[in-house]
Amino acid sequence: MMMSIKSRSLLALMVSAACLHPVAAAAQLRDRQSFDLPAQDLGDALRKVAAQAGIELYAPAADLAGRKAPPLKGDITPREAIETLLHGTGLTARFENGSVVILGRAQPEAANSEVAREDIVVTGSRIAGAPSAAPVISVTSEDIRNAGQADLGEVARSLPQNFGGGYNPGIGNGQGAPNENVNVNGASTFNLRGIGPNATLTLLNGNRFAYTGVSSVIDVSAIPVSAVERIEIVPDGASAIYGADAVAGVVNILLKRDYEGVSATARIGASTDGGNVQQQYGLLGGTSWASGGLLAAYDYNRSSAIRAGDRDYAGAANPETMLFPKTWRQSLLLSGHQALGPDVTLAVDLLYKKSRLHSVTGYSLTLTPDQLGLDNVSTSEIFGIAPSLSAELGGDWRFKASGFFGTDRTGGFSELFFGGTLLARIDKHFFNRNLALEGGFQGPLFALPAGDVRLAFGGGARRNSFFSESPTGDVERRRDNLFAYGELLVPLTSPEQQIEGLHRLSLTGALRFEDYSDAPSIVTPKLGIVWEPARILRLGASWGRSFKMPTLYQQYSGYSAIYGRAARYGSGYPAGATIVFAAGPDSRLGPERSENLTFSAQLTPMRGLELTAAWYRIDYTDRVATPIPSLVGVLDNPLYAELVTLNPDTADLAAIIEGSLLGLENSTGLPYNPANVVAFIDARDRNIARQRFSGIDLSMRYRLELEGGKELTLSVAGSFLKSRQQILPGAAWTPLAGALFHPSRFRGRGGLSYGDERFSLAAFVSHMSGLNDDRQAVRVRIPAYTTLDLTARVRIGKGTEVSVAALNLFNAEPTSIVTALPSDTPYDTTNYSPAGRFVGFTVRQEW
């Protein structure tokens, strides 16, 4: 049978672009690549993108005939490149099984066209397609499934650059400095470099979302993992781009777009040593049409507790103490976009989560917790909605306006038992409300021989409100801020110029101004350079300043004023001499500031192989800290002279006492007499500490196509970290990395996967170097820790996938540490998990 001309044209397009098997190509669709195409025929442009990405292209030639494509330049995914080329043509793209199908009859570019260009979200820049001077770490949905990870908290804790301390479920008692590692409501967070979870800015589709608890953090476990397309992490300061909190870096969670179909997932698993029985059920549905799309995801998860009695390394704790709490969580996510005309698109993301956590701590080894112990229940309800409106203004200029409204209600209670009776019940109520409005423009200013100089600028306003109730007093505070930003991209050389040693060279600069209602104005700059001596090698350098505001709870929850005998704090004082000291939060706190420097290199010597190395340094100053770790002998130590006021004025003492939470707390047994006060010690938190972080990140990823459509993927990543801290000027520097309750000096993870579209096998090895326990006179070395994870997935019939995961296959266990009390958790919960070997079984059905 003779083929029609249209059929032959379609086949020619398909064959010319068929470079990879669909499984490999599906992975390629999610990876950023560097595109630099001149304006040309649309069919030619699509073929070049498909050939570079190694994907199959199906497109009727008649629909492409006579169509012209605009220039395409920038570091974007192949999917984003194709959708950009199709803008305004009336054609749409459907991506499936490593191929792209072009749909729709060609129509003239008329005013009534309903297709508007999709926003391209670029992590680390406001300019679409701008190259990043710092490496971008990408974790795809396929990576998450291969690793057997059930939520984004597990993804975060598996990254070598991330630290499990800070604000995460399973954080135990007595884990380092007070309030540094806590678990208020079971939330999970990213904590890059171990600088703190609120020093890593987490975004959803490029937008901020609701804070949770008391630490101004984003609970990533609220986002159903089935709805995630990929996660992009830029471990480099970015306050000049995004504002506060981006000290350690930015994490951008990108959702699936134009998902077609419905899938249901059921997962059950448990730890082989007992406890941690997990049940997870999820639904994902989506549809798309010529001018828009809608995605909906629901996730239900519950897990039983892990008790100390089930773990032999936890013998120093009460057997009924929960090392990992009992949790329950359900989440709902909606994401949609709709073209309102040829050049205007409306998009909305909505997220809702409700969760409950239950933990029990025994205060004795022999008595049950309901005789002597603490029973804690925490609840959390999160809601957030982020609408945005983008418009094409002509001349390649674009405008985008976005907003966000979100709330978090954390509640619950703690019941203290003594002698078998309820001694006290303490209710807790924390409420966060976040509101943001922002608008920005981006487009070309003028042309250089290497391309357009592009500018992004804009501004907006944010309001964060916090309220808490506690027996010591309520906190109700609000922080408003206005901001304006500008970013510039200057291309100096491009590949078509064919300059030896200057395949590509570009400069970027950004400046941001922030004005706060409770702090001085802040200006943060950032500079970057990207140099490609050759097509296979990219070198980058980035310098900038970043900052983080203290949390409202940290700043305004109040301090205590204590009346004590002077003899306890210094020598040579008579028996009747007294002191007053203040300790706790201080409303005078200001922003913490950092200076970040990163050098990076990325080498792609052959198809499928990518090698990346980066060196970074972060000088973090004005960190909020308690200036006096111990008050013993403080009056005799010249290091603390600036914190001590001798023979204080009576009026000043009265003001200190009046401003405290509970008034003067008397520990002397004597009546208060200001005439006997020989010193006032100001131990309230202040911007006084300095921290330095430096290290090297290394990664390698290699994809190899095999016969029969199989693919082998090898990935290795490692992070070396050196960090130290100086509490106040003149004090000794103390190590952070490599110390107990802090990140290890090295973390690495390697993975190997093999398979095709019908089945896959994957293995992952994670390694963490040892830690030093310096809490006693003689240092104790905590040995290194290594785990092996195995997963297998197979498709059965039409649309059914069954997977089995064995995580920590050899059941590596935490090392026991010395504790002072039975209520203290007897291992480092910031670096180790009590789960042990976990076996999970998952069934997924797609329609």
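Structure: above.
Here is a short report on the structure shown in this document. Along each chain, the written sequence defines residue order, and numbers are assigned to residues from 1. Note on the predicted model: pLDDT of at least 70 is required for a residue's local features to be given, and 80 or more for side-chain atom pairs to be given and counted; whole-chain, interface and lining totals, by contrast, use all residues. By convention in this description, side-chain values take in all heavy atoms of the structure and omit both hydrogens and water.

**With respect to the overall build of the protein chain**
Inference 1: Helix and strand definitions here come from DSSP, where helices need a minimum of 4 consecutive H or I residues and strands a minimum of 2 consecutive E residues; each element is numbered from the N-terminal end. What the protein chain contains, in helices and strands, is 10 helices and 44 strands.
Inference 2: Here the radius of gyration uses the C-alpha set of atoms, whereas the globule reference equals 2.2 Å times the residue count to the power 0.38. Taken over C-alpha atoms, the radius of gyration comes to 29 Å for the protein chain, in line with the 29 Å a tight globule of 847 residues would show.
Inference 3: Its C-alpha atoms give the protein chain principal-axis dimensions of about 110 × 55 × 45 Å.
Inference 4: Split into buried and exposed, the 847 residues of the protein chain put 56% on the buried side.
Inference 5: Contacts in the protein chain between residues at least 24 apart in sequence constitute 69% of all its contacts with a sequence separation of at least 6. Note on exposure labels: buried denotes an accessible area under 20% of the residue type's maximum, exposed denotes more than 50%, and partly exposed covers the range between, all computed with a 1.4 Å probe on protein chains only. In what follows, residue pairs with any heavy atoms lying within 4.5 Å of each other are defined as contacts.

**Quick word on helix H5 (residues 78–85)**
Inference 1: A large share of H5 lies buried, amounting to eight of its eight residues.
Inference 2: Turning to H5, its buried residues are Pro78, Arg79, Glu80, Ala81, Ile82, Glu83, Thr84 and Leu85.

**Description of the sheet that holds strand E29 (residues 578–584)**
Inference 1: In space, the five strands of this open sheet follow the order E32-E34-E29-E28-E33, with mixed pairing throughout. Each having just a single partner strand, strand E32 (644–646) and strand E33 (664–666) make up the two edges of the open sheet. Strand-to-strand, the axes of this sheet are offset by a mean angle of 20°, without reference to chain direction.
Inference 2: Paired strands are those between which DSSP finds at least two bridges. The pairing of E32 with strand E34 (residues 677–684) spans three bridges and is antiparallel. Note on method: axes are straight lines fitted to C-alpha atoms, helices fitted across the in-contact stretch only, with angles between N-to-C directions ranging 0 to 180 degrees.

**Topic: the side chain of Asn276**
Inference 1: Positionally, Asn276 belongs in the loop between strand E12 (261–271) and strand E13 (278–289).
Inference 2: At a separation of 3.2 Å, a polar atom in the side chain of Asn276 contacts the side chain of Gln278.
Inference 3: The contacts of Asn276, once residues within four sequence positions are left out, are Gly269, Ala270, Ser271, Ser303, Ser304, Ala305, Ile306, Ala835 and Phe838. N or O atoms within 3.5 Å of each other form a polar contact, as long as, within protein, one can give a hydrogen and the other can take it, and as long as residues adjacent in sequence are counted only when both atoms are side-chain atoms.

**Let's talk about the packing of aromatic side chains**
Inference 1: Two aromatic rings from Phe, Tyr or Trp, using only the six-membered ring of Trp, form a pair when their centres are within 6.5 Å; if the ring planes differ by under 30 degrees the pair is stacked, by over 60 it is edge-to-face, and anything between is tilted. Enumeration according to the criterion identifies 17 aromatic pairs in this entry.
Inference 2: Seen in terms of ring centroids, Phe430 and Phe466 are 6.4 Å apart; in terms of plane orientation they differ by 20°. Their pairing is stacked. Here Phe430 is found in strand E22 (residues 429–448), whereas its partner Phe466 is found in strand E23 (residues 451–469), with 36 residues between them in sequence.
Inference 3: With relative accessibility at 13%, the residue Phe430 sits in the buried group.
Inference 4: Accessibility expressed as a relative area gives 4% for Phe466, which makes it buried.
Inference 5: Judged by centre distance (4.6 Å) and plane angle (40°), the ring pair of Phe720 and Phe746 falls under tilted. Of the two residues, Phe720 is situated in strand E36 (residues 711–726) and Phe746 in strand E38 (residues 746–755); the sequence distance between them amounts to 26 residues.
Inference 6: Look at Phe720 and you get partly exposed, because its relative accessible area is 40%.
Inference 7: Residue Phe746 is classed as partly exposed on the basis of its relative accessible area of 22%.
Inference 8: Members of the aromatic cluster, each reached through a chain of ring pairs, are Trp397, Phe399, Phe441 and Phe457.

**Thoughts on the pairing of E13**
Inference 1: Of the pairings in the sheet, the one linking E12 to E13 comprises nine bridges and is antiparallel in character. Bridge pairing in E13 places Ala264 opposite Leu283.
Inference 2: Joining the antiparallel neighbours E12 and E13 is a turn of six residues, in which Gly274 adopts a positive phi near 115°.

**Side note on a nonpolar patch on the surface**
Inference 1: Only residues whose relative accessible area exceeds 30% and that take part in no salt bridge are eligible for patches, with like-charged residues grouped when within 9 Å of each other and nonpolar side chains (Val, Leu, Ile, Met, Phe, Trp, Tyr) grouped when within 5 Å. Note on areas: Shrake-Rupley with a 1.4 Å probe; residue coverage comes only from the protein chains shown. Take a side-chain nitrogen of Lys or Arg and a carboxyl oxygen of Asp or Glu: if they are within 4 Å of each other, that pair is a salt bridge. A cluster of nonpolar side chains, Ile268, Val804, Val839, Phe841 and Val843, forms an exposed patch at the surface whose accessible area comes to about 380 Å².
Inference 2: Among the elements that take part in the nonpolar patch, strand E44 (residues 838–846) stands out by supplying three residues, more than any other.
Inference 3: Relative to the assigned elements, Val839 resides in strand E44.
Inference 4: Val839 gets classed as partly exposed once you look at its relative accessible area, which sits at 36%.

**Looking at the packing of helix H3 (residues 42–53) against H5**
Inference 1: Their axes nearest at 10 Å, the elements H3 and H5 cross at an angle of 180°. It follows that H3 is roughly antiparallel to H5 by the angle criterion. Facing H3, whose interface residues are Leu42, Ala45, Leu46, Val49 and Ala53, H5 presents Pro78, Ala81, Ile82 and Leu85. Just so you know how the angles are binned, under 35 degrees is roughly parallel, over 145 roughly antiparallel, 65 to 115 roughly perpendicular, and the rest oblique.

**Examining the sheet that holds strand E9 (residues 200–204)**
Inference 1: Reading across from one edge, E8-E10-E11-E9 is the order of the four strands in this open sheet, with mixed pairing throughout. The sheet terminates laterally at strand E8 (137–140) and E9, the two strands that pair on one side only. Pairs of neighbouring strands in the sheet enclose a mean axial angle of 15°, with direction left out of account.
Inference 2: Of the pairings in the sheet, the one linking E9 to strand E11 (residues 249–255) comprises five bridges and is parallel in character. Within the sheet, the bridge partner assigned to Leu201 lies in E11 and is Val250.

**Section: unusual backbone geometry**
If a residue is not glycine, its phi is most likely negative; likewise, a peptide bond is most likely trans.
Inference 1: Backbone geometry at Asn276 places phi at a positive 60°, although glycine is not the residue there.
Inference 2: Asn276 sits in the buried class, given a relative accessible area of 5%.
Inference 3: Residue Asp396 is not a glycine yet carries a positive backbone phi of 65°.
Inference 4: By the secondary structure assignment, Asp396 is in the loop between strand E19 (372–394) and strand E20 (397–418).

**Side note on the environment of Thr321**
Inference 1: With respect to the helices, strands and loops of the structure, Thr321 is situated in the loop between strand E15 (306–307) and strand E16 (322–324).
Inference 2: When the C-alpha positions of Thr321 and Ser833 are compared, they lie 15 Å apart, and in sequence the two are 512 residues distant.
Inference 3: Leaving out residues up to four positions away in the same chain, Thr321 has contacts with Ile306, Arg307, Ala308, Val360, Thr361 and Gly362.
Inference 4: From its side chain, Thr321 meets the backbone nitrogen of Gly362 in a polar contact 2.9 Å long.

**Some thoughts on the pairing of E19**
Within a regular strand, the side chains alternate between the two sheet faces.
Inference 1: Across 19 bridges, strand E18 (residues 344–362) lies against E19 in antiparallel orientation. What sits directly across from Val348, in E19, is Pro387.
Inference 2: Alignment of E19 against E20, held across 20 bridges, turns out to be antiparallel. Each residue of the ladder has a partner; that of Glu381, found in E20, is Arg409.
Inference 3: Taken together, E19 and the strand that follows it, E20, pair antiparallel across an intervening segment of two residues, in which Gly395 is found at a positive phi of about 65°.

**Topic: the environment of Ser465**
Inference 1: Tracing the backbone through its elements, the reader meets Ser465 in strand E23.
Inference 2: Residues Ser465 and Arg425, spaced 40 residues apart in sequence, show a C-alpha to C-alpha distance of 27 Å.
Inference 3: Discounting residues that sit within four places of it in the chain, Ser465 has contacts with Phe431, Asn432, Arg433, Arg477, Arg478 and Leu552.

**As for the pattern of salt bridges**
Inference 1: Considering all chains together, one arrives at 44 salt bridges under this definition.
Inference 2: For Arg686, the salt bridge identified is with Asp682, shortest N-O distance 3.1 Å.
Inference 3: The network of salt bridges with shared partners includes Glu142, Arg145, Arg793, Arg795, Glu801, Arg844 and Glu846.

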